[in-house]
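# A structural walkthrough
Here is what each chain is made of, one letter per residue.
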Amino acid sequence: MKLTASVIVVAFLGSTAAPLAQDKFPAKPITVVIPAGPGSSTDTNARLVLNKIEKQGSLGQPAVVVNQTSAPIAATRVKDARPDGHELLVYHLGLMGTQAVGKIGFGAEAFKPIAQTGSTAFLIVAAEKGPYPDLKSLVEAAKAAPSKITEANSIGGASHIATLALAQSAGYTPRVVHVGDGPSRLQSVLGGHSAYTVVSPPEYKGFAGTGIKALAVLGSQRSPDWPDVPSTAELGYPVDVSVDVWWLAPSDTPPAVVETLASAVEKAMGDAELQEAFKKQGINPVFLRGAPLADKLSNITALVKPMGAALGGQ
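Parameters at a glance
- Residues numbered from 1 in each chain as written.
- Predicted model: local features only at pLDDT ≥ 70, side-chain atom pairs only at ≥ 80, totals over all residues.
- Heavy atoms only, no water.
- Helix = DSSP H or I, 4+ residues; strand = E, 2+ residues; numbered from the N terminus.
- Buried < 20%, exposed > 50% of the residue type's maximum accessible area, 1.4 Å probe, protein only.
- Contact = heavy atoms within 4.5 Å.
- Areas by Shrake-Rupley, 256 points an atom, 1.4 Å probe, with all protein chains shown as cover.
- Arc of directions from axis to C-beta.
- Salt bridge = Lys/Arg side-chain N within 4 Å of Asp/Glu carboxyl O.
- pLDDT = per-residue confidence, 0-100.
- Polar contact = N/O pair within 3.5 Å; in protein donor to acceptor, adjacent residues only side chain to side chain.
- Phe/Tyr/Trp six-rings, centres within 6.5 Å; stacked < 30°, edge-to-face > 60°.
- Lys NZ or Arg CZ within 6 Å of the ring centre and 35° of its normal.
- Core = buried A, V, L, I, M, F, W, Y, C linked by side-chain atoms within 4.5 Å.
- Axes fitted to C-alpha atoms, helices over the stretch in contact; angles between N-to-C directions.
- Parallel < 35°, antiparallel > 145°, perpendicular 65-115°, else oblique.
- Left-handed = near helix turned anticlockwise from the far one by under 90°.
- Nonpolar A, V, L, I, M, F, W, Y, C, P; charged D, E, K, R; others polar.

Another point: the overall build of the chain. Within the chain, the regular secondary structure consists of 10 helices and 10 strands. When its C-alpha atoms are laid out on the principal axes, the chain stretches across 65 × 45 × 35 Å. Per-residue burial for the chain yields a buried fraction of 52% across its 314 residues. Counting contacts in the chain only where the partners sit at least 6 residues apart, residues at least 24 apart contribute 78% of the total. Total accessible area on the chain stands at roughly 13,200 Å², and carbon and sulfur atoms take up 53% of it.

Structure, rendered in structure tokens:
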């Protein structure tokens, strides 16, 4: 599968036409739509998988990666695409967040799940010489002064969903300030403008030695990269919200096509070289398909849907 250059799409290009009759799948190049820019963690994840599929020759057709940074446009395009497996969406829980805040009228239920390729746990981060030596002290301070402790985040995004779930579990209310992407949020903490933030492992590694420290891994277990950093679960906050990358097809995609795609992705994910590449990116090389994946999507939807107003919706 040969990857072509990224394409920035700025208009809705979907089609509601019925699937073409075909004797073999795939019958033409496969378009993979990613609601994130080139070089983002989701984009990197997808390209690593697609490159491995190409090397393994599992599908025999090239893939065109379309980086569409508008999540509503990207999701709507694939939802309404011809359901023949030639146009896919690669995204994460941001899909549920976009639905929860009312930017789209549908969520994961509008797609046929193919596979999950990897999971990235967030890190709760504060200033190394700041007033919070650990997550417990931060939580207690936030409880004592509701809406006073400043959290740098990207309001309505996956990182905001993660910290909102933590705040609800721990019983505190921060003052969330929209700062933007991970590096910008880290700069806000370093500059003393925010008490803490949440970032991905690669973002945290990029700022190593600059005066920040990880208070906890937001999830059920510690990271092998930072064995001394506790998980939120072991601290008594049972929150497990990670950036799981999902491959989704239009809802009426034939089961046989879904199986073909899922098998190609599974074969790629079973490759030791790919697993090592994932780990270097801070991605846990988790693979899911079928019923376990459908259950995962349902559970995340149930978690995020009630968060609409808190995430910035109406």
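Structure shown, so let's carry the discussion forward.
The next point concerns helix α2 (residues 71-79). For α2, the set of buried residues is A71, A74, A75, R77 and V78. Summarising the axial view, the buried residues of α2 lie within an arc of 160°, below the 170-degree limit, and thus occupy one face. For α2, the elements touching its buried residues are β1 (30-34), β2 (63-67), β3 (87-91), α3 (94-100), β4 (111-127) and β9 (242-250).

This structure, assessed with the given rule, holds 11 salt bridges. Where K79 meets D80, a salt bridge forms, and the shortest distance between an N and an O atom there is 2.8 Å. On the basis of relative accessible area, K79 is assigned to the partly exposed category, the value being 28%. Three or more residues are tied together by salt bridges with common partners; here these are K52, K55, D271 and E273.

Bringing the confidence of the model for the chain into the picture now. Summing up the model confidence of the chain, the mean pLDDT is 90 and the portion of residues at 70 or higher is 92%. The secondary structure element of the chain with the lowest average pLDDT is helix α7 (residues 201-206), at 87, and the one with the highest is helix α8 (residues 255-269), at 98.

Those residues of helix α4 (residues 135-144) that fall on the buried side of the exposure criterion are L135, L138, V139 and A142. Each buried residue of α4 lies within a common arc of 95° when the element is viewed along its axis, so the set occupies one face. Summarising the contacts, the buried residues of α4 are in contact with β4, α5 (158-170), β7 (196-199) and β8 (212-218). In this structure D134 caps α4, since a side-chain oxygen of it lies 3.4 Å from the backbone nitrogen of K136.

The next subject is the packing of aromatic side chains. Taken as a whole, this structure holds 2 aromatic pairs when the rule is applied. Look at Y204 and W226: their rings are 5.3 Å apart centre to centre, the planes differ by 70°, and that puts the pair in the edge-to-face class. Taken together, the residues span a long stretch of sequence, with Y204 in helix α7 and W226 in the loop between β8 and β9 at a distance of 22 residues. By relative accessible area, which is 16% here, W226 ends up buried. Across from the ring centre of F106, 5.0 Å away, lies the NZ or CZ of K79, which sits over that ring.

If you look at the biggest cluster of nonpolar residues, it comprises 55 residues, and the most contacted ones within it are L95, F111, I124 and L135. It is α5 that contributes the most residues to this core, 8 residues altogether. Beyond its immediate stretch of four places on either side in the chain, L95 contacts A75, I104, G107, A108, F111 and L248.

Before going further, it helps to examine the packing of helix α1 (residues 41-56) against helix α9 (residues 272-280). The axes of two packed helices give the description: the angle between them and the distance between them. Closest axis-to-axis distance for the α1/α9 pair is 11 Å, and the angle between their directions is 165°. Comparing their axes, α9 and α1 come out roughly antiparallel. Of the two possible hands of crossing, α1 and α9 adopt the one that is right-handed. Listed contacts from α9 to N45, L48, V49, K52 and K55 of α1 are E273, L274, A277 and F278. Along the lines of polarity and charge, the residues of the contact of α1 with α9 split into 5 nonpolar, 1 polar and 3 charged.

With respect to the element layout, N153 can be found in strand β5 (residues 150-153). According to the relative accessible area criterion, N153 is buried, its value standing at 0%. Discounting chain neighbours no more than four positions away, the residues touching N153 are S159, H160, T163, V176, V177, H178, V179, G180, R185 and V198.

It is at 9 Å that the axes of α1 and α8 come closest, and there the two elements cross at 95°. Considered as vectors, α1 and α8 are oriented roughly perpendicular to each other. Contact residues: V49, K52, I53 and Q56 in α1; A264, V265, K267, A268 and M269 in α8. In terms of residue class, the contact of α1 with α8 is made up of 6 nonpolar, 1 polar and 2 charged.

Moving on to the side chain of T253. Along the polypeptide, T253 turns up in the loop between β9 and α8. Exposure remark for T253: the relative accessible area of 1% places this residue in the buried category. Polar side-chain contacts of T253 include one of 2.7 Å to the backbone oxygen of P250.

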